[in-house]
Amino acid sequence: MADDKKLTTRAEDFSAWYNELVLRAELADYSPVKGSMVIRPNGYGIWERMQRALDDMFKATGHQNAYFPLFIPESFLHKEAEHVEGFAPECAVVTHGGGKKLEEPLVVRPTSETIIYYMFAKWTQSYRDLPILINQWANVVRWEMRTRLFLRTLEFLWQEGHTAHVTHDEAEVETRKILAIYRRFAEEWMAMPVLTGLKTHSEKFAGALRTYSIEAMMQDNKALQAGTSHNLGQNFAKAFELQFQDESGQMAHAWNTSWGVSTRLVGGLVMTHGDDNGLRVPPRLAPIEIVIVPIWKNEEEKARLTAAALKVQDDLTAWTGRGATDRLRVHVDARDGMRSGAKYYEWELRGVPLRFELGPKDLEKQAVFAARRDTREKQSLAFDGLPATAAALLDRIQNDMFQAALARREANSVRGGISYAQFKELMEGAGAFVYAGWCGEASCEAKVKEETKATIRCLPDAEFCSSEAPTTCLCCGKPSQVEAVWARAY
RNA sequence: CGGGGCGUAGCUUAGCCCGGUAGAGCGCCUGCUUCGGGAGCAGGAGGUCGGAGGUUCAAAUCCUCUCGCCCCGACCA
């Protein structure tokens, strides 16, 4: 069956397409434990690129990495009422260790606020000890009922930032600063446009004062919450007696923030950029930016073209035009016994942004035959000046991918007068981001969710708001308090 | 937790209704010919038929129990 080689198309079944792509591009595989997965080298390589980019941004804004333990005393979860209510149902709890029942059960962290603010309290006496700006790269466990590769699994990898500040305003600035970093990362690295905005009370983090998020639109027009940044207020500081003496000698509770993005981003990348031929990885996140496929007919050519390919690779990787530490990431696929065509399909499935074919005719011309993964356009590129040409082309691909994703999102966004009936129809059909008014009542939010499965993804920041503010609530028709973006979400 | 589906070679599966030698495609190994978009031929390796029990001369097939996974819904990064 030749069809075995083709993916289910997005139009046929988006969900099946996603699963097949993740498995066949070898990003991840199911593990023997229900709901958990193995991240394979192809997927982990993308995550590593994400980690590096984000880590650099966190460091550049004064954050330091640390590591807090996996196990948290169960009693810690109970210290913040809203927090325990939010997380208790999805916690894995360890009751036995060393062959004995434990005095106090240990919770496998679903997130680390409790243990971290407990420790911060130990370390903080004076306002001079603040701010504390910490990040950790870790795994967390949330016992989800319904799981999906990368998007929702029992265990996932993430970073969680935790900070403590002297004032509310300082914490708020931090919260927004991180949100801006997430946005920049999504746009500039993932080539994934996002909205920024405030979560409603029902969607905010359990224990936070306010939650902000970045929201991206997937190719099925559903929203993906791709990152969150919380202003925790003094909720955890009070629960864990995280106090300090201020300049006037008064004791005060610190103001905290926490923020995170997870391996879910890999799923977001797939659903933003994947096509019916497989994955498309934006160059900046691609573990391999360029794959060179030498083409030969016989042993003599095999030796000659493979050598030429390796030479091209050397020239590319030796180039320091992007800086000494940011070399072009190039792979030569000289596998024997596999036809070049088969190799093309495989690298396209895996999403490598640029392919250089190098056969006798190309070598003759002192050029490679280059194929863009995103547009599938092909052109001959001369050896002469190839590193700079390739780097420029990769930049263009990165940019074009962002522009294409942005255009797709805008084409599927609806602003201005939409009736609730039209909205329902839209949500049951193609889906969209709908910018519409909200009266501010949780009951309307709940009703819409009940009837359409759509939720308020965020109350968008000013720059994403419509030029003409909506005047009535999408649901009840009463005067609108605020503009909201409504959509079904992952 | 409700609904649906599926467990047979590494993967996709046929066979099950109607019990009787476990088959195919892909992949893998060897060799030859190939090689500019998913190669061809020849040979070969690979199986506790998810597990346990039962019926039977005989079970992948029938019965009972059980385990697991996937998909769709309620909760969530």
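Residues numbered from 1 in each chain as written. Chains lettered and ligands numbered in written order. Predicted model: local features only at pLDDT ≥ 70, side-chain atom pairs only at ≥ 80, totals over all residues. Heavy atoms only, no water.

**Some words on the protein's contact with RNA strand B**
Of all residues adjacent to RNA strand B, which total 39 residues, the nearest are Lys34, Arg152, Arg264, Lys361 and Asp362. The share of sugar and phosphate among atoms of RNA strand B within 4 Å of the protein is 44%. In this structure, a base oxygen belonging to RNA strand B sits 2.5 Å away from a main-chain N or O atom of Lys361. When residues of the surface near RNA strand B are traced back to their parent elements, those giving at least two are helix 1 (14-24), helix 10 (340-350), strand 17 (354-358) and helix 11 (360-365). Top element by residues in the surface near RNA strand B is helix 10. It accounts for six residues. Residue composition of the surface near RNA strand B, grouped by class: 15 nonpolar, eight polar and 16 charged. (Near = heavy atom within 4 Å. Polar contact = N/O pair within 3.5 Å; in protein donor to acceptor, adjacent residues only side chain to side chain. Helix = DSSP H or I, 4+ residues; strand = E, 2+ residues; numbered from the N terminus. Nonpolar A, V, L, I, M, F, W, Y, C, P; charged D, E, K, R; others polar.)

**What about the sheet that holds strand 16 (residues 330-332)?**
Spatially, 16-15-17-18-19 is the arrangement adopted by the five strands of the open sheet, whose pairing is mixed. Bordering the open sheet on either side are strand 16 and strand 19 (378-382), each of which pairs with just one other strand. The mean angle between the axes of side-by-side strands here comes to 25 degrees, regardless of whether they run parallel or antiparallel. Direction of pairing for strand 15 (residues 290-294) relative to strand 17: parallel, over a ladder of five bridges. Paired with Val293 across the two strands is Glu357, which belongs to strand 17. Strands in contact with helix 9 (residues 299-318) are strand 15, strand 16 and strand 17; relative to strand 15, the strand with the most contacts, it is inclined by about 160 degrees. (Pairing = 2+ DSSP bridges. Axes fitted to C-alpha atoms, helices over the stretch in contact; angles between N-to-C directions. Contact = heavy atoms within 4.5 Å.)

**Focus: empty space enclosed by the protein**
This structure, assessed with the given rule, holds three cavities of 30 Å³ or more. Space inside the largest cavity adds up to approximately 50 Å³. Trp347, Glu348, Val352, Pro353, Leu354, Arg355, Ala371, Arg372 and Arg373 are the residues that line the largest cavity. Those elements giving two or more residues to the lining of the largest cavity turn out to be helix 10, strand 17 and strand 18 (367-372). When grouped by side-chain class, the residues that make up the lining of the largest cavity number five nonpolar, no polar and four charged. (1 Å grid on protein atoms, 1.4 Å probe; cavity = no way out; pocket = protein on both sides within 12 Å on 5 of 7 lines; lining within 4 Å. Points joined across faces, edges and corners; volume = space filled by probe spheres on them.)

**Considering the layout of surface pockets**
Taken as a whole, the largest pocket spans an internal volume of roughly 1,500 Å³. Where the lining of the largest pocket is concerned, the elements lending two or more residues are helix 4 (81-87), strand 8 (155-165), strand 11 (223-233), strand 14 (255-262), helix 14 (442-452) and strand 22 (455-460). Each of domain 1 (14-273) and domain 3 (413-487) accounts for three or more of the residues forming the lining of the largest pocket. (Domains from an automatic or database assignment.)

**Examining the pattern of salt bridges**
What the rule picks out here adds up to 33 salt bridges. Close ionic contact of Arg40 with Glu26 constitutes a salt bridge, the shortest N to O distance being 3.9 Å. Of this pair, Arg40 sits in the loop between strand 2 (37-39) and helix 2 (41-60) while Glu26 is found in the loop between helix 1 and strand 1 (28-30), placing the two residues 14 residues apart along the sequence. For Glu26, a relative accessible area of 28% gives the class partly exposed. Each of Glu26, Arg40, Asp333, Arg335, Lys343, Glu346 and Arg350 takes part in one network of salt bridges that share partners. (Salt bridge = Lys/Arg side-chain N within 4 Å of Asp/Glu carboxyl O. Buried < 20%, exposed > 50% of the residue type's maximum accessible area, 1.4 Å probe, protein only.)

**A closer look at the nonpolar core**
One finds Tyr18, Met50 and Phe185 to be the most contacted residues of the largest nonpolar core, which totals 50 residues. Secondary structure elements with two or more residues in this core: helix 1, helix 2, helix 6 (168-188), strand 10 (210-217), strand 11, strand 14 and helix 8 (264-273). If you tally residues by element for this core, the top one is helix 2, at seven residues. When neighbours within four sequence positions are excluded, Tyr18 is seen to be in contact with Arg148, Leu149, Phe150, Leu151, Gly267, Val270 and Met271. Core analysis: the second largest hydrophobic core is formed by 29 residues, Phe76, Ile115, Ala206 and Leu242 among them. (Core = buried A, V, L, I, M, F, W, Y, C linked by side-chain atoms within 4.5 Å.)

**Observations concerning the confidence of the model for chain A**
One rule of thumb: low pLDDT means the predicted coordinates there are not for detailed reading. Per-residue confidence for chain A averages 94 on the pLDDT scale, and 99% of its residues sit at or above 70. The complex prediction reports pTM at 0.96, with the ipTM value standing at 0.87. (pLDDT = per-residue confidence, 0-100.)

**Examining the environment of Asp246**
Of note, Asp246 is situated in the loop between strand 12 (243-245) and strand 13 (251-253). Note on Asp246: relative accessible area 24%, which makes it partly exposed. Separated by 119 residues in sequence, Asp246 and Tyr127 have C-alpha atoms that sit 5.2 Å apart.

**A word on the packing of helix 2 against helix 6**
Running from N to C, helix 2 and helix 6 point in directions that differ by 145 degrees, and their axes come no closer than 11 Å. For helix 2 against helix 6, the interelement crossing comes out right-handed. Each of Met50, Ala53, Leu54, Met57 and Phe58 in helix 2 lies in contact with helix 6, whose residues at this interface are Ile181, Tyr182, Arg184 and Phe185. For the contact of helix 2 with helix 6, the per-class residue count stands at eight nonpolar, no polar and one charged. (Left-handed = near helix turned anticlockwise from the far one by under 90°.)

**Some details on the sheet that holds strand 4 (residues 71-73)**
Backbone-to-backbone hydrogen bonds pair the strands of a sheet. The strands run either parallel or antiparallel. Taking strand neighbours across the sheet as the criterion, the three strands line up as 4-6-5 in an open arrangement whose pairing is antiparallel. Pairing within the sheet leaves two strands with one partner each, and these edge strands are strand 4 and strand 5 (92-97). Strand after strand, the sheet turns through a mean of 50 degrees between neighbouring axes, direction not considered. As judged from the three bridges shared by strand 4 and strand 6 (residues 100-108), these two strands associate in the antiparallel manner.

**A few points about the packing of aromatic side chains**
Each aromatic ring pair is characterised by the separation of its centres together with the angle its planes make. On inspection of all chains with the given rule, the structure shows 14 aromatic pairs. Ring geometry for Phe68 against Trp123: centres 6.2 Å apart, planes inclined by 40 degrees, an arrangement best described as tilted. Note that Phe68 is positioned in the loop between strand 3 (64-65) and strand 4 and Trp123 in helix 5 (residues 113-123), a separation of 55 residues in sequence. Note on Phe68: relative accessible area 4%, which makes it buried. (Phe/Tyr/Trp six-rings, centres within 6.5 Å; stacked < 30°, edge-to-face > 60°.)

**Observations regarding unusual backbone geometry**
In this structure, Pro131 follows Leu130 across a cis peptide bond, with omega equal to 0 degrees. In this structure, Pro131 sits in the loop between helix 5 and strand 7 (132-141). If you check the backbone angles, Phe150 has positive phi at about 70 degrees while not being a glycine. Inspection of the secondary structure assignment puts Phe150 in the loop between strand 7 and strand 8. The residue Glu241 is not glycine, and still its phi comes out positive at about 50 degrees. Structurally, the position occupied by Glu241 is in the loop between helix 7 (235-239) and strand 12.

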